[in-house]
Amino acid sequence: MFRRSLPIALIGLCLGVAGVPAIGQQENAGQAPEGEGNAGGDGDEQGVEPPSITMVHFGPDHAGGSLASLYPDQALELGQGENAFTGLLKREATSERHGGVLVVAPSGQSPDQGVAGAVRTQLTDAGWLTLSIAQPSEPVQDLPERVLEPVPAGEGSEGDDGDGAPQNGNDTEGDGSSGGDQAGEEADPPDITLRVAGDSATPERGDDWQQRATDRLAAAVEALRNEDVGPMALVGIGDGADLVLRYASANGATFPPGQFGMVWINARLRPPFSDGLAAELGEDYSVPILDLYDRGLEPGRAEQRSAAARRGGFSAYTQSAVPIPGGGAAREQRRVSARIRGWLSDDLKSAGGQ
């Protein structure tokens, strides 16, 4: 009885020992996909895919595409076709409306960025409906022409460093061509000169861009008129002041007397207004103008504008120095909005008879 059970016990023990590695292999196989360094000996990583990352960037002309999602209750689609754009309309937060304010942001900034965002959101507390817009994207100049001028062989040896090493960096060791005579007779490779065209300056805003910008401003003014805002002020920030000034010069007669004014914030004017402000607007210009500037940012240009206004006899021109921060800090700027609010109440609102 004992002799018969011994072989059976030995067979069972052998099977148990053989089953232990199999179980370990199964557990290791199940844990392999969860590890980070489970590549096989041959370098294959089967069944593991890298994470998918999608990045979306809105260009200058398409930055307004995100405004509708950020401000669904304020986004206003203006223009038609290729000239369509998005503005931000914010209604007054008071029971009485005093007028409308159109804010033109500097080039390259959105209608809610920096000082534009501060002005458009804070003037509504004083009873002014605001509409903020961005400028069209700046014109981009074509890449300059590349001119390749090969130098004849033998004339480019001035670039040799004198150590006898080949300039092309090829090692001739072991190729059987390291003989002294052959190395001396070997010609230098020709040099290639890359010449960049000289007319690579920043392109000027042409008639096409100016027309698109003027059409954009006209569409925004029409939107405010449809709201029956009454007195209207155009606020231009940076080079947005130049666009506001050009529109006012060409369309000022379309506004009722005493119902229109301009605000320039750190104005960057282009010719001809930067050279002859009074000559372009005319003597005794009576449209109310508030010219705000930062003493730390080119005060000389502000002095030139003030002197031109005095020579031209501008009857409603006011210039004030106010600290105007740039970048994201300007979004929380309140001193600029407070100064504009006071000017609107004293000049434009009283001129409008309200």
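Here is a short report on the structure shown in this document. Everything numeric in this text was worked out from a predicted model, so none of it was measured.

A closer look at the overall build of the protein chain
Right, on to step 1. Scanning the protein chain for helices and strands turns up 9 helices and 10 strands.
Right, on to step 2. Burial analysis of the protein chain (354 residues in total) assigns 35% to the buried set.
Right, on to step 3. Within the protein chain, contacts between residues at least 6 apart in sequence are counted, and of these 80% link residues at least 24 apart.
Right, on to step 4. For the protein chain, the accessible surface area stands at approximately 21500 Å², while carbon and sulfur atoms represent 50% of it.

Some points on the pairing of strand β10 (residues 317-321)
Right, on to step 1. The pairing of strand β9 (residues 289-293) with β10 spans 5 bridges and is classified as parallel. When the sheet's bridge partners are listed, L292 is paired in β10 with S320.
Right, on to step 2. Crossover β9 to β10 through helix α8 (residues 299-312) is right-handed.

Thoughts on unusual backbone geometry
Right, on to step 1. A cis amide bond, omega 5°, links P271 with the succeeding residue P272.
Right, on to step 2. Within the element layout of this structure, P272 appears in the loop between β8 (260-265) and α7 (277-281).
Right, on to step 3. For D284, which is not a glycine, the phi torsion comes out positive at approximately 55°.
Right, on to step 4. Note on placement: D284 falls in the loop between α7 and β9.
Right, on to step 5. Of note in the backbone geometry, E298 takes a positive phi value of approximately 50° without being a glycine.

Considerations on the side chain of S132
Right, on to step 1. Considering the arrangement of structural elements, one finds S132 in strand β4 (residues 128-133).
Right, on to step 2. A distance of 2.6 Å separates the side chain of S132 from the backbone oxygen of P111, its partner in a polar contact.
Right, on to step 3. Beyond its immediate chain neighbours, meaning those up to four positions away, S132 contacts G87, L88, V103, P111, A116 and R120.

Looking at the pattern of salt bridges
Right, on to step 1. Using the criterion set out here, one finds 8 salt bridges in the structure.
Right, on to step 2. Residue R120 is joined to D112 by a salt bridge in which the shortest nitrogen-to-oxygen separation is 2.9 Å. Assigned by exposure class, R120 and D112 land together as buried.
Right, on to step 3. We note a salt bridge from D291 to R305, for which the minimum N-O separation is 2.8 Å.

Let's talk about the pairing of β8
Right, on to step 1. Most of β8 is tucked away, with 6 of its 6 residues classed as buried.
Right, on to step 2. Two strands pair when backbone bridges link them, and strand β7 (residues 232-237) and β8 are joined in this way by 6 bridges, in the parallel orientation. Considered in β8, the bridge of V235 is made with V263.
Right, on to step 3. Remark: the β7/helix α6 (residues 240-251)/β8 crossover connection has right-handed handedness.
Right, on to step 4. Here β8 pairs with β9 via 4 bridges, running parallel.

So, α6
Right, on to step 1. Over its 12 residues, α6 runs 16 Å from end to end, which matches the ideal 16 Å to within 8%, given 1.5 Å per residue.
Right, on to step 2. For α6, the full list of buried residues reads G240, A241, D242, L243, V244, L245, Y247 and A248.
Right, on to step 3. At its buried positions, α6 is contacted by β3 (99-104), α5 (207-226), β7, β8 and α7.

Observations regarding α8
Right, on to step 1. With 14 residues, α8 ought to run about 20 Å at 1.5 Å a step, and its terminal C-alpha atoms sit 20 Å apart, in line with that.
Right, on to step 2. Of all the residues in α8, the buried ones are A302, R305, S306, A307, A308, A309 and G312.
Right, on to step 3. Along its buried surface, α8 packs onto β8, α7, β9 and β10.
Right, on to step 4. Phi for G313, located one or two positions after α8, is positive at around 70°.

What counts as what
- Residues numbered from 1 in each chain as written.
- Predicted model: local features only at pLDDT ≥ 70, side-chain atom pairs only at ≥ 80, totals over all residues.
- Heavy atoms only, no water.
- Helix = DSSP H or I, 4+ residues; strand = E, 2+ residues; numbered from the N terminus.
- Buried < 20%, exposed > 50% of the residue type's maximum accessible area, 1.4 Å probe, protein only.
- Contact = heavy atoms within 4.5 Å.
- Areas by Shrake-Rupley, 256 points an atom, 1.4 Å probe, with all protein chains shown as cover.
- Pairing = 2+ DSSP bridges.
- Right-handed = clockwise from strand over helix to strand, strands pointing away.
- Polar contact = N/O pair within 3.5 Å; in protein donor to acceptor, adjacent residues only side chain to side chain.
- Salt bridge = Lys/Arg side-chain N within 4 Å of Asp/Glu carboxyl O.
- Expected span 1.5 Å × (residues − 1).

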